[in-house]
Amino acid sequence: MIIQTGMRTDIPAFYHEWLLNRIKEGYVLVRNPYNPGSVTKYSWSPDVVDLIAFCTKNPEPMLSHMDLLQPYGQYWFVTITPYGKEIEPNVPDKEKVMESFKKLSELVGADSMGWRYDPILINPDYSVERHISEFDKMAETLSGYTKTCVISFIDIYKKVKHNFPEIGEVTKADRLQLGKEFIRIGAKHSMAIKPCAEGNELEPYGADCAGCMTVKTFETALHGNLTVPKKKSNQRNGQCACLLGVDIGAYDSCGHLCKYCYANTNAARVRENRKKHNPKSPFLLGNSMPGDVIHEAAQKSWLDRQMKFNFE
C-alpha cells in the first residue's frame, strides 16, 4: 500500500521529527477529518507499506534522516514557484529549495522526484511572460534531477476565496499560452509536463494528461509492478486520475500559510492547531480523546516482489 503525507499539510517542512518518531515506533494514528472520533491506526511495517509519498515545499529537514526511509519506496513532489513572501509567507528562498531538491534527487533518484510548479496564478506581479521566464530558469536548474513537472492553474475554492479574495481564475488563452511554452521548455530539459486535474486541454500540444500520482508514477519509482485494489473515486469532480493513498496529515496545520492554500481555513486556526502538536504523540495534532474509536487498518503490500527482484 501507499502512505501519503502531504495532501493536508507539509510534514517534512514542519513535522519531520514526529514522522521519524512514528516510523521508529511502527504505527501512526489518524483522525478522520470529517468524524474526529473515528481514528485509524496504520502500521509502518515495510511488509505492508510499499511507498511513502511526500508533497512538500521544503524537504531540507529530512535530508539528514533519509536512512530511516531506506526500507520504503519513495516519491517526492517538491513545489517550487516564483512567488514571493506576499503569497507564500513562510516558504524558504527558492534557490535554497532547489538545492535541497537536487540533494534529495541524488539520494533517491530522478524517477522518485517530481517538481510541482503550481498553482499558476496571474496578477500584475506575475504575468504570463514572467511565469515563462521564471519557469525556464527553474527548469534549467533542475534539469537532470527530475523527469516530471506537474502544473495546475489556481482553483478558487471557498478557503482560497476567503484568504486570497483579489485573485481570479486563469483565462483559457493564458492557460494555452503558458501550457505550450512550458511543454516546449520541459522538452528541452527532458521533463514531461503533467497537468494536475486540468482535463485534456493541453494534450494536443504534448502534455501528459494521464495524471501526476498514478500507479505508473509509483511503479516507476519502485522499479516494479503494483497490484492495486480498485480505488475509490478521486478528488476534483472526477478530473483526477491519481492514486492518492491514505493521508496521515491534518488540515489547518501547514505553517507555510500560502494565500492560495485549499487546506488551511485561516492563519489563526493554523496557529492554534500547531500548539497542539506533540512530536511524541501518535497523532499529528493532540493526543487521544474520550470516545475515540480506533480502527486497525487492513493493510497489505501491493508490490509484486518477484518483479521488483528481477528489476534490481
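Everything numeric in this text was worked out from a predicted model, so none of it was measured. (Residues numbered from 1 in each chain as written. Predicted model: local features only at pLDDT ≥ 70, side-chain atom pairs only at ≥ 80, totals over all residues. Heavy atoms only, no water.)

Caption draft 1: The state of the cysteines, seen in detail. A full pass over the atoms with the stated rule returns zero disulfides. The structure places no disulfide on cysteine 258, whose sulfur is separated from the nearest cysteine sulfur, that of cysteine 254, by 6.4 Å. (Disulfide = S-S within 2.5 Å.)

Caption draft 2: Structural view of the pairing of strand S6 (residues 113-120). Here S6 lies mainly inside the structure; eight of its eight residues are buried. As paired elements, strand S5 (residues 73-79) and S6 share four bridges and run parallel to each other. By the bridge assignment, threonine 79 is partnered in S6 with arginine 116. Relative to strand S7 (residues 148-153), S6 runs parallel, the two sharing four bridges. Directly across from isoleucine 120, in S7, lies its bridge partner phenylalanine 153. The parallel pair S6 and S7, bridged by helix H4 (residues 128-142), forms a crossover whose chirality is right-handed. (Buried < 20%, exposed > 50% of the residue type's maximum accessible area, 1.4 Å probe, protein only. Helix = DSSP H or I, 4+ residues; strand = E, 2+ residues; numbered from the N terminus. Pairing = 2+ DSSP bridges. Right-handed = clockwise from strand over helix to strand, strands pointing away.)

Caption draft 3: Quick peek at the pattern of salt bridges. Counted according to the given criterion, the structure contains 14 salt bridges. A salt bridge links arginine 22 to glutamate 25, with the nearest nitrogen and oxygen atoms 2.8 Å apart. On the criterion of helical spacing, the pair formed by arginine 22 and glutamate 25 is a turn pair, its members being three residues apart in helix H2 (residues 16-25). For arginine 22, a relative accessible area of 0% gives the class buried. Taking the relative accessible area as the measure of exposure, glutamate 25 reaches 46% and is therefore partly exposed. (Salt bridge = Lys/Arg side-chain N within 4 Å of Asp/Glu carboxyl O.)

Caption draft 4: Fine view of the sheet that holds S6. Strands sit in the order S8-S7-S6-S5-S4-S1-S9 across an open sheet of seven strands; the sheet is parallel. Strand pairing shows two members of the sheet lacking a second neighbour, strand S8 (192-195) and strand S9 (246-247), which therefore form its edges. Here helix H3 (residues 94-108) sits on the sheet and contacts S5 and S6; the angle it forms with S6, its principal contact strand, is near 150°. (Contact = heavy atoms within 4.5 Å. Axes fitted to C-alpha atoms, helices over the stretch in contact; angles between N-to-C directions.)

Caption draft 5: Spatial organisation of helix H6 (residues 172-188). Helix length check: H6 (17 residues) gives 24 Å between terminal C-alpha atoms against 24 Å at 1.5 Å per residue, within 8%. All buried positions along H6 are accounted for by Arg175, Leu176, Leu178, Gly179, Phe182, Ile183, Ile185 and Gly186. Among the structural elements, S6, H4, S7 and S8 are those in contact with the buried residues of H6. Where H6 terminates, the next one or two residues include serine 190, which has phi positive at roughly 60°. (Expected span 1.5 Å × (residues − 1).)

Caption draft 6: Geometry of the layout of surface pockets. A volume near 490 Å³ is recorded for the second largest pocket. Along the wall of the second largest pocket there are 23 residues; nearest its centre are Arg31, Pro33, Ala250, Tyr251 and Leu285. Put simply, the parts of the chain that give the lining of the second largest pocket at least two residues each are strand S2 (27-32) and helix H8 (267-275). The element best represented in the lining of the second largest pocket is S2, accounting for four residues. (1 Å grid on protein atoms, 1.4 Å probe; cavity = no way out; pocket = protein on both sides within 12 Å on 5 of 7 lines; lining within 4 Å. Points joined across faces, edges and corners; volume = space filled by probe spheres on them.)

Caption draft 7: Focus on H2. Trp18, Leu19, Leu20, Asn21, Arg22 and Ile23 are the residues of H2 that are buried. Here the buried face of H2 lies against helix H1 (11-14), S2 and strand S4 (51-56). Phi turns positive one or two residues past the end of H2, at glycine 26, with a value near 90°.

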